Amino acid sequence: MTEELTFEKSHPSAPPPRLPEAGVEAAPRLPANLLRKRPPALPRLSEPEVMRHYSRLASLNYSISENFYPLGSCTMKYNPVANEQAARLPGFAELHPYQDPETIQGALELMWRLERALCEIAGVDRITLQPAAGAHGEWTALRMIQAYHLARGEERSEVIVPDAAHGTNPASAALCGFRVVEVKSAPDGRVDVGDLEAKLSNRVAALMLTNPNTLGLFERQILEVSEMVHATGAKLYYDGANLNALMGICRPGDMGFDAVHMNLHKTFTTPHGGGGPGSGPVGVKADLVPFLPRPTVERENGRFFLDSERPQSIGRVRSFYGNFGMLVRAFTYIQAMGGDGLTQASKDAVLAANYVRKRLEGVLDLPHEGPCMHEFVASARNLAPQGIKALDLAKGLLERGFYAPTVYFPLIVPEAVMVEPTETESKATLDAFAEAVKEIVELARTDPDELRAEPRSLPVGRLDEVRAARNPVLRWRPDGESD
Ligand SMILES: *Cc1c(COP(=O)(O)O)cnc(C)c1O
């Protein structure tokens, strides 16, 4: 079930490609020292061979269009085909980023309307659509918060991050030059308010929070936290990568957050994949608006234009205006769902997570009291007596046709198994998943060695993950050739 590389399958008898004449003269003479000594070692295959190669590779892939993908924190929901149709309309797909704004009024209007819609959902005043991912959005927001404090003559050097935070939070703060101060979680899985109080000072630029947090729990004391943070002059940052529990129900802006990023590739159904393209718009309250990246999209007398005259802007954070195709997909989704539809999606996401959580009671450990929001964190530590780990459970799920949940995150739960079903799954799928987990837990008791040998039916079995991370081989080389 593996597939050789095109280089390995290459054979000189393959017919050469038939290309039309280029219509221009052959390249002018280049200096001899710039010419290749030998032709590039490109593979040679016939057209049907190439077609079959890529079709077979595609069939080895696993994707959201095939089956359930309960990857916690990642919101792997169905990507509607209508989004793709909209993104492929020639007027959008064939835009050139240097076109005169007068010729791209429709595209600018879409960006303007998407900004208004996301402002409404998040409860903020303005949004930048430039950042290309969630982590990039965090960084952009922290740069704005930094600029805000500097404009007031304050140099604040610390950012507080909970120990349950997504790893990108401390990384973004560190990249902005902040010292990262960790705040503990209380035994109930929520921020330890006493510990937060001890860490707040006038050195703190911002507190970064996710609510619901990465344990899938709502931070009930958020208004109190907001007051404490603002009393010291710091800003409150909302990691809204995942808004799936909140849409149309409550808004980060109303909870007191000053800045929030949203992942269009999570909550708003644009595809994830291969590290991109993502999109992580950032929303801010009024006193951070002057620092937004430029250009912003503005409307005057019914015409749309790009405003680069923003003297306090932190500048541009992405080439051109962001990942425009993702903006079209997210806008299509929001328009298709409408306000009521988005609210229903959030309710269904929370219901689905609580349903699966309930079905796993007594099967896995559930270290925090429910109900949960759009996701929950279980622990496989109850399988320790059989020498079975969260990783073995994950591999067993792959064998049974499911993508594995997130494991070993958040770090504060031993043998963590983080499940996020999303609203787009049927009850039958959720039941099948719960049954698969039960079957694996049963196998852990009766035949743990068999479980440790899974997956057996996939193209690859257990990989040496440490070696893969430490010693990655990223390039194929012909025999005998080195770098
Ligand atoms: C996914 C995620 C991020 C990072 O988003 P990227 O687009 O992967 O950079 C940050 N915080 C949380 C809570 C997330 O789930």
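Criteria and thresholds
Residues numbered from 1 in each chain as written. Predicted model: local features only at pLDDT ≥ 70, side-chain atom pairs only at ≥ 80, totals over all residues. Heavy atoms only, no water. Helix = DSSP H or I, 4+ residues; strand = E, 2+ residues; numbered from the N terminus. Rg over C-alpha atoms; globule rule 2.2 N^0.38 Å. Buried < 20%, exposed > 50% of the residue type's maximum accessible area, 1.4 Å probe, protein only. Areas by Shrake-Rupley, 256 points an atom, 1.4 Å probe, with all protein chains shown as cover. Lys, Arg positive; Asp, Glu negative; His and termini not counted. Charge placed at Lys NZ, Arg CZ, Asp CG, Glu CD. Axes fitted to C-alpha atoms, helices over the stretch in contact; angles between N-to-C directions. Parallel < 35°, antiparallel > 145°, perpendicular 65-115°, else oblique. Left-handed = near helix turned anticlockwise from the far one by under 90°. Contact = heavy atoms within 4.5 Å. Nonpolar A, V, L, I, M, F, W, Y, C, P; charged D, E, K, R; others polar. Near = heavy atom within 4 Å. Polar contact = N/O pair within 3.5 Å; in protein donor to acceptor, adjacent residues only side chain to side chain. Expected span 1.5 Å × (residues − 1). Phe/Tyr/Trp six-rings, centres within 6.5 Å; stacked < 30°, edge-to-face > 60°. Domains from an automatic or database assignment. Core = buried A, V, L, I, M, F, W, Y, C linked by side-chain atoms within 4.5 Å. Pairing = 2+ DSSP bridges. Salt bridge = Lys/Arg side-chain N within 4 Å of Asp/Glu carboxyl O.

**What about the overall build of the protein?**
No. 1: Along its length, the protein carries 14 helices and 12 strands.
No. 2: Scaling as 2.2 N^0.38, a compact globule of 483 residues should have a C-alpha radius of gyration of about 23 Å, and the protein matches this with 25 Å.
No. 3: When the backbone C-alpha atoms are referred to their principal axes, the protein occupies close to 75 × 70 × 45 Å.
No. 4: Buried positions account for 49% of the 483 residues belonging to the protein.
No. 5: Total accessible area computed for the protein in this model is approximately 24200 Å², and 54% of it derives from carbon and sulfur atoms.
No. 6: For the protein, the distance from the average position of its 52 positive side-chain charges to the average position of its 62 negative side-chain charges is 3 Å.

**Quick word on the packing of helix H5 (residues 105-122) against helix H10 (residues 324-359)**
No. 1: Running from N to C, H5 and H10 cross one another at 45 degrees; their axes reach a closest spacing of 10 Å. Classed by the angle they form, the pair H5 and H10 counts as oblique. In this structure, the crossing between H5 and H10 has a hand that is left-handed. Of the residues in H10, those touching H5 at Ala107, Leu110, Met111, Arg113, Leu114, Ala117, Leu118 and Ile121 are Phe324, Leu327, Val328, Ala330, Phe331, Ile334 and Leu342.
No. 2: Of the residues contributing to the contact of H5 with H10, the split by class is 14 nonpolar, no polar and one charged.

**Remarks on the site of the ligand**
No. 1: Neighbouring residues of the ligand: Ser73, Ala133, Gly134, Ala135, Glu138, His166, Thr168, Asp239, Ala241, Asn263, His265 and Lys266.
No. 2: Gly134 places a main-chain nitrogen or oxygen 2.8 Å from an oxygen atom of the ligand.
No. 3: At 2.6 Å, a side-chain N or O of Asp239 approaches a nitrogen atom of the ligand.
No. 4: Surface burial for the ligand is 86%, taken as the share of its 380 Å² of free accessible area covered by protein chains.

**Comments concerning helix H12 (residues 427-446)**
No. 1: Across its 20 residues, H12 extends 29 Å between first and last C-alpha, which sits within 8% of the 28 Å expected from 1.5 Å per residue.
No. 2: Residues of H12 that are buried: Thr429, Leu430, Asp431, Phe433, Ala434, Ala436, Val437, Ile440, Val441, Leu443 and Ala444.
No. 3: Looking at the buried residues of H12, the elements they touch are H10, helix H11 (390-399), strand E12 (416-419) and helix H13 (448-453).

**Topic: the packing of aromatic side chains**
No. 1: Applying the stated criterion across every chain yields a total of 13 aromatic pairs.
No. 2: Ring plane angle 40 degrees and centroid distance 5.6 Å describe the contact between Tyr62 and Tyr403, whose orientation is recorded as tilted. Highlighted residues: Tyr62 in the loop between helix H2 (47-60) and helix H3 (81-87) and Tyr403 in the loop between H11 and strand E11 (406-407), separated in sequence by 341 residues.
No. 3: Relative accessible area serves as the criterion here: at 23%, Tyr62 is assigned to the partly exposed category.

**Remarks on the domain arrangement of the protein**
No. 1: For the protein, the domain assignment lists domain 1 (1-17 + 39-59), domain 2 (81-336) and domain 3 (341-466).
No. 2: Look at where the C-alpha atoms of domain 1 and domain 3 centre, and you get two points 38 Å apart.

**Observations concerning the nonpolar core**
No. 1: In terms of nonpolar packing, the biggest core is built from 59 residues, with Leu114, Leu118, Leu196, Phe268 and Ile334 touching the most fellow members.
No. 2: It is H5 that provides the largest number of residues to this core, a total of 11 residues.
No. 3: Two domains each donate at least three residues to this core, and these are domain 2 (81-336) and domain 3 (341-466).
No. 4: With residues up to four places along the chain from it excluded, the contact list for Leu114 reads Leu129, Leu264, Leu327, Ala330, Phe331 and Ile334.
No. 5: Of all hydrophobic cores here, the second largest spans 29 residues; its members include Leu364, Phe376, Val437 and Leu443.

**Focus on the pairing of strand E5 (residues 235-240)**
Looking down a regular strand, the side chains alternate between one sheet face and the other.
No. 1: Most of E5 sits out of view: six of its six residues are buried.
No. 2: On E5, burial covers both faces: Lys235, Tyr237 and Asp239 on one face and Leu236, Tyr238 and Gly240 on the other are all buried.
No. 3: Where strand E4 (residues 204-209) meets E5, four bridges bridge the pair, whose relative direction is parallel. For Leu207, the partnering residue across the bridge sits in E5 and is Leu236.

**Comments concerning the pattern of salt bridges**
No. 1: A complete count under the given rule lists 35 salt bridges for this structure.
No. 2: Its salt-bridge partner being Arg310, residue Glu298 comes within 3.7 Å of it at the nearest N-O pair. On the criterion of sequence distance, the pair formed by Glu298 in strand E8 (residues 296-300) and Arg310 in the loop between strand E9 (303-307) and H10 is long-range, its members being 12 residues apart. For the pair shown, Glu298 and Arg310 are each scored as buried.
No. 3: Each of Glu115, Arg116, Arg126, Glu298, Asp307 and Arg310 takes part in one network of salt bridges that share partners.

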